[in-house]
Amino acid sequence: MELKKVNILAIESSCDETSAAIIQDGIVLSNVIATQKVHERYGGVVPEMASRAHMENIIPVVATAIADSGIEKSAINAVAFTQAPGLIGSLLVGACFAKSFAQTMNIPLIAVHHMQAHVLAHFIEERQPEFPFLCLTVSGGHTQIVLCRSHLDMEVLGETMDDAAGEAFDKVAKMLGLPYPGGPLIDRHAKSGDSLRFRFPSKEMKDYTFSFSGIKTAVLYFLQAQRKTDPEFAEKNINDICASVQYTIIKMLMAKLEKAAHDLGITNVGIAGGVSANSGLRKALEETGAKNGWSVFIPRFEYCTDNAAMIGITGYYKYQKGLFTDLSATPSARATWA
Ligand code: KG4
Ligand code: ZN
């Protein structure tokens, strides 16, 4: 007798990406991402506009994800949605949709923590980490070193005390006149720049704590001083500035990750979250991994930035353990680890 397959509809709407995916027995059948372009001209995500765009996008995105998957809507066994953390208005759109869908179809609802899902994006891939697994999760809102003992047993060993790494990339990009999100553009300029031309201070922090507000201020003062003598300084030197800033941020990230892996004796090490799409960080992890004899894990680009497939794989592990939630589950802008 053939075993019945488990189909999960996953919804992600924590920030400025409306995404839906269908996961069948842990395999991604579809993963649709609608990126909201409306924020570009404002230099950052405008929360009210994000909520409105989610409301416009959610139904077509879910319909496309179901159509792309090739399964019937009636074959969906559960709905997983991002409950926290994120922009509250954005989270509410996904949560309300997921609840209505679950109630209408009479299927269970699964609440997912967005940062846990970023880590579990590694388990979408064929080659998967073994436990204990150490993951550096770097996004626009978070910078964390996470110890994973199993799929659902994770501990945040350290995080940023101020800005996230992605925020540092985006804020520096804004100072350089680049549109939002600036991280990918810094990455592109850095490829043809000299990373040692300009030196920016990297603050020493204890244990596994990060701080990125210092580098942001250092770049601001540096640009102000240089622009006094040459108003076009940033434009003329953009590649070297981007390469130098990126180099400093990566150095800070890798130093803590290497320390944690060393302290805990862990050799399965990975990166996750939007900033893990950065080519310099990916290369640095490969090199540090080779030096230390680690098994290194880097998600495919589409699973680095926000996507519903990672919510679906987390939902799948929760489904197997019967970790469902009821309709009273409320989204939260800030929530402790699930
Ligand atoms: O995980 P994510 O999509 O959303 C959050 O949960 O925050 O991460 C978005 C962040 C943004 O700050 C964006 O600039 C950054 O990831 N990012 C990058 C790159 N691609 C995305 N930062 C540096 N280099 C990249 N290639
Ligand atoms: Zn994210």
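Shown above is the structure to which this text applies.
Here is what the cut-offs are and how they apply
- Residues numbered from 1 in each chain as written.
- Chains lettered and ligands numbered in written order.
- Predicted model: local features only at pLDDT ≥ 70, side-chain atom pairs only at ≥ 80, totals over all residues.
- Heavy atoms only, no water.
- Donors = N, O, S within 2.8 Å, 3.2 Å for Na, K, Ca; no water.
- Helix = DSSP H or I, 4+ residues; strand = E, 2+ residues; numbered from the N terminus.
- Buried < 20%, exposed > 50% of the residue type's maximum accessible area, 1.4 Å probe, protein only.
- Pairing = 2+ DSSP bridges.
- Axes fitted to C-alpha atoms, helices over the stretch in contact; angles between N-to-C directions.
- Contact = heavy atoms within 4.5 Å.
- Near = heavy atom within 4 Å.
- Polar contact = N/O pair within 3.5 Å; in protein donor to acceptor, adjacent residues only side chain to side chain.
- Nonpolar A, V, L, I, M, F, W, Y, C, P; charged D, E, K, R; others polar.
- Domains from an automatic or database assignment.
- Parallel < 35°, antiparallel > 145°, perpendicular 65-115°, else oblique.
- Left-handed = near helix turned anticlockwise from the far one by under 90°.

Asks: Looking at this structure, I do not really get the coordination of the zinc ion (ligand 2). What am I missing?
Replies: Perfect tetrahedral coordination of a metal by four donors corresponds to 109.5 degrees between them, and perfect octahedral coordination by six donors corresponds to 90 or 180 degrees. Coordination of the zinc ion (ligand 2) by the protein is provided by His114 (NE2), His118 (NE2) and Asp306 (OD), with metal-donor distances spanning 2.0 to 2.1 Å. Between the donor residues of the zinc ion (ligand 2), the gaps in sequence give the motif H-x3-H-x187-D. With histidine 118 in helix α3 (residues 114-120) and aspartate 306 in the loop between β10 (295-297) and α10 (308-320), this pair connects stretches of sequence that are 188 residues apart. With a relative accessible area of 0%, histidine 118 lands in the buried category. In this structure aspartate 306 comes out as buried when scored by relative accessible area, which is 13%.

Asks: Help me understand the sheet that holds strand β5 (residues 109-113), please; the structure alone is not making it clear to me.
Replies: Pairing between the strands of a sheet is mediated by backbone hydrogen bonds and can be parallel or antiparallel. The sheet built from 5 strands is open, its strands ordered β3-β2-β1-β4-β5 with mixed pairing. The two strands at the open ends of the sheet, each matched to only one other strand, are β3 (27-35) and β5. In this sheet, adjacent strand axes meet at a mean angle of 20° when their direction is disregarded. Examined bridge by bridge, strand β2 (residues 17-24) and β3 share 8 bridges and lie antiparallel to one another. Bridged to glutamine 24 within β3 is isoleucine 27. The sheet contacts of helix α1 (residues 47-69) involve β1 (7-12), β2 and β3, and relative to β2 the element is tilted by about 25°.

Asks: I keep staring at the pairing of strand β7 (residues 143-150) and nothing clicks. Help me out?
Replies: If a strand is regular, its side chains alternate between the two faces of the sheet. The element β7 is extensively covered by neighbouring structure, given that 6 of its 8 residues are classed as buried. With 6 bridges connecting them, strand β6 (residues 133-138) and β7 associate as antiparallel partners. Looking at the pairing, threonine 137 lines up with glutamine 144 of β7. Inspection of the sheet shows β7 paired to strand β8 (residues 153-159) by 6 bridges, in the antiparallel sense. Among the inter-strand pairings, isoleucine 145 is bridged to a residue of β8, identified as glycine 158. Connecting β7 to the next strand, β8, in antiparallel fashion are 2 residues.

Asks: For this particular structure, what's the right way to read the site of ligand 1?
Replies: Among the 18 residues in the neighbourhood of ligand 1, the closest are listed as Gly140, Asp170, Asp187, Asn278 and Asp306. In the model, an oxygen atom of ligand 1 is placed 2.8 Å from a nitrogen or oxygen of the glycine 140 main chain. Of the residues belonging to the shell around ligand 1, the class tally is 5 nonpolar, 10 polar and 3 charged. Both domains that furnish three or more residues to the shell around ligand 1 are identified here as domain 1 (7-119 + 304-320) and domain 2 (129-298).

Asks: Sorry, what's going on with the sheet that holds β8 here?
Replies: Reading across the sheet, the 5 strands line up as β8-β7-β6-β9-β10 and stay open at both edges, with mixed pairing between neighbours. In this open sheet, the two strands that pair with only one neighbour each are β8 and β10. Each adjacent strand pair in this sheet contributes to an overall mean axis angle of 20°, direction not counted.

Asks: How should I be thinking about the packing of helix α5 (residues 183-190) against helix α8 (residues 238-264) in this particular structure?
Replies: For any two helices packed against each other, one specifies the inter-axial angle together with the distance between the axes. Two numbers describe how α5 lies on α8: the axes approach to 7 Å, and their chain directions differ by 110°. With respect to α8, the axis of α5 lies roughly perpendicular. The crossing of α5 and α8 is left-handed. Between α5 and α8, the residues in contact are Ile186, Asp187, His189 and Ala190 and Ile238, Asn239, Cys242, Ala243 and Gln246, respectively. Of the residues assigned to the contact of α5 with α8, the class counts are 5 nonpolar, 3 polar and 1 charged.

Asks: Whenever I open this one, α5 confuses me. Can you help?
Replies: In an α-helix there are 3.6 residues to a turn, and that puts residues three or four apart on one side. All of the buried residues in α5 are Gly183, Leu185, Ile186, Asp187 and Ala190. Each element contacted by the buried residues of α5 is listed here: α4 (165-175), α8 and α9 (279-292).

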